[in-house]
Structure formats: structure tokens, C-alpha cells
Amino acid sequence: YETSPKPPASRDGASAAMASAVSDEGVVAAAPTPPAAAGTAAAGTAAAGAVQRRWTPSDDAALRHQVELLGHKWREVSSQLPGTSASSCKHRLTLLERAEKKAAAGEPSRQQNVPWTVAEENLLARAVEPYLTAASIDYSTIRSSYFAYRTKVEVVNKWRNMCTAQERRLTGQKRRR
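This one's a predicted model, so the numbers in the text were calculated from it and none came from an experiment.

Cut-offs applied
Residues numbered from 1 in each chain as written. Predicted model: local features only at pLDDT ≥ 70, side-chain atom pairs only at ≥ 80, totals over all residues. Heavy atoms only, no water. Helix = DSSP H or I, 4+ residues; strand = E, 2+ residues; numbered from the N terminus. Contact = heavy atoms within 4.5 Å. Areas by Shrake-Rupley, 256 points an atom, 1.4 Å probe, with all protein chains shown as cover. Phe/Tyr/Trp six-rings, centres within 6.5 Å; stacked < 30°, edge-to-face > 60°. Buried < 20%, exposed > 50% of the residue type's maximum accessible area, 1.4 Å probe, protein only. Polar contact = N/O pair within 3.5 Å; in protein donor to acceptor, adjacent residues only side chain to side chain. Axes fitted to C-alpha atoms, helices over the stretch in contact; angles between N-to-C directions. Parallel < 35°, antiparallel > 145°, perpendicular 65-115°, else oblique. Nonpolar A, V, L, I, M, F, W, Y, C, P; charged D, E, K, R; others polar. Core = buried A, V, L, I, M, F, W, Y, C linked by side-chain atoms within 4.5 Å. Salt bridge = Lys/Arg side-chain N within 4 Å of Asp/Glu carboxyl O.

Engineer: Would you take a moment to explain the overall build of the chain for this structure?
Structural biologist: What the chain contains, in helices and strands, is 7 helices and 0 strands. Mapped in sequence order, the helices and strands of the chain form the string α-α-α-α-α-α-α. Sequence-distant contacts in the chain: of pairs separated by 6 or more residues, those separated by 24 or more amount to 40%. By element, 53% of the accessible surface of the chain is carried by carbon and sulfur atoms, the whole surface being about 13100 Å².

Structural data, given as C-alpha cells:
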């Protein structure tokens, strides 16, 4: 006898919703996701099909308040914060505490899309210089030594962009669009 294939199980319980969307031919039809209830808290919601969104400062305050009241009983905490799961609450509190520790230690907070200054570009060029004769550039060491407030990816991308721009200047090529 023939059976239709089962969809893979997922951690968020979406497999039950998906099972009803499997046709006789085994094709999975995408079901529309319902909009989240107003005031839901965060990404990683427990409800199948729930819309994920960013944590707001008021969500963070509510999370901290619930943790003060209930402790680290994550299921109970998440039940008091609509649209969250136990794991999303635990993860969010960990991120908040980590940011507080960095601020207390005087480490700069990471800001996304901060433009590079000319001084930083010059520093990067000097930092990469010893590696130009080597087989590869040790971006991790450069980042940790000179650019602790930037990610390794930012450092790599900036160096590659600087090289591409220099190459265009030398060859007279125009920028591709």
C-alpha cells in the first residue's frame, strides 16, 4: 500500500499544522500564517505560525520583572509574556545580561553600520601589511588587536572593499552597478 510522506517534525509544533496541508500527491501546500496578537514579545514564539518580531524595551522590562517574581522558571515566565517561548525568554535574558557585563567592564557596545573613519582604514592597512606576503591574512588577530568593537566579518569586508577600490583606481575601471 502507498502512504503519503510525513513532513519532518519541527521543534515549534508546526509539523501538526503542516501534516494537514500535505496533499495526496505528497505536495505540501503553504498555509497562511495568522497575524500575531498585539503585544506579543519576541522571536522564537511557541505557537505554530506565529509572527516573529524584535524585542522592545518594554518587553525587556516585562521579562526582567517576571524573572524577579518567578526566578528562572522559564515556562512560567513565558506563560506570562504572550507570544514567547521558554527558550526565547532565557536567550533574551542571557543577551541582556551579557550586554550589561560588557558595559560594566567598559567595553564599547557594538553598533551596526557604523561608518569606517579614515584613521580606521589607515590602521587596517597597516595591520594587514605584515600578512601580505603570507599565505593568508589572520583577520581574527587583527580584529582582536585593533578593532574589538567590530566583527571579524566587518574587518574582512572592509579590507576586501579597500582592495577592490584600489584596484579600480589603478586600472581605471568604473564601479559595477
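Engineer: I tried to follow the packing of aromatic side chains on my own but got confused; where do I start?
Structural biologist: Summed over the entire model, instances satisfying the criterion amount to 3 aromatic pairs. Ring centres of Trp116 and Phe147 lie 5.3 Å apart, and the angle between their planes is 55°; this geometry places the pair in the tilted category. Of this pair, Trp116 sits in the loop between α4 (86–104) and α5 (118–128) while Phe147 is found in the loop between α6 (139–146) and α7 (152–171), placing the two residues 31 residues apart along the sequence. With relative accessibility at 18%, the residue Trp116 sits in the buried group.

Engineer: In this structure, what is going on with the side chain of Ser85? I would like to understand it.
Structural biologist: With respect to the element layout, Ser85 can be found in the loop between α3 (74–80) and α4. The buried category is assigned to Ser85, whose relative accessible area is 9%. In terms of polar contacts, Ser85 uses its side chain to reach the side chain of Ser87, at 3.2 Å.

Engineer: Teacher, can you tell me more about the environment of Thr56 here?
Structural biologist: Relative to the assigned elements, Thr56 resides in the loop between α1 (14–19) and α2 (57–70). Engagement of the side chain of Thr56 in a polar contact is seen with the side chain of Ser58, the distance being 3.0 Å. Here the side chain of Thr56 touches Asp59 through a polar contact of 3.0 Å, side chain to side chain.

Engineer: Quick question: what am I supposed to make of the packing of α5 against α7 here?
Structural biologist: Geometrically, a packed helix pair is captured by the angle between its two axes and the distance between the axes. Where α5 contacts α7, the axes come no closer than 11 Å and their chain directions differ by 90°. For the element pair α5 / α7, the angle class is roughly perpendicular. Residues Glu121, Leu124, Ala125 and Val128 of α5 pack against Val155, Lys158, Trp159 and Met162 of α7. Classifying every residue of the contact of α5 with α7 gives 6 nonpolar, no polar and 2 charged.

Engineer: Can you help me understand the nonpolar core in this one?
Structural biologist: Within soluble globular proteins, side chains that are nonpolar generally end up buried alongside one another. Trp116, Leu124, Ala127, Val128, Tyr139, Ile142, Phe147, Val155, Val156, Trp159 and Met162 together form the largest nonpolar core, which totals 11 residues. Looking at which element gives the most residues to this core, the answer is α7, with 4 residues. Grouped together as the second largest cluster of nonpolar side chains are 9 residues, Val77, Leu81, Cys89 and Leu93 included.

Engineer: Looking at this structure, how should I read the pattern of salt bridges?
Structural biologist: For side chains bearing opposite charge, pairing can occur when the charged atoms are close. Within this structure, the stated rule accounts for 5 salt bridges. With a shortest N-O distance of 2.7 Å, Glu100 and Arg64 are connected by a salt bridge. Linking Glu100 in helix α4 with Arg64 in helix α2, this pair joins segments that are 36 residues apart in sequence. Assessed through its relative accessible area of 42%, Glu100 is described here as partly exposed. Arg150 is the partner of Glu120 in a salt bridge, and the nearest nitrogen-oxygen pair spans 3.1 Å.

Engineer: Would you mind showing me how to read the packing of α2 against α4 here?
Structural biologist: Between α2 and α4, the shortest axis-to-axis distance is 11 Å and the interhelical angle comes to 100°. One finds that α2 runs roughly perpendicular with respect to α4. On α4, the residues touching Asp60, Leu63, Arg64 and Val67 of α2 are Cys89, Arg92, Leu93, Leu96 and Glu100. Taken together, the residues of the contact of α2 with α4 sort by class into 5 nonpolar, no polar and 4 charged.

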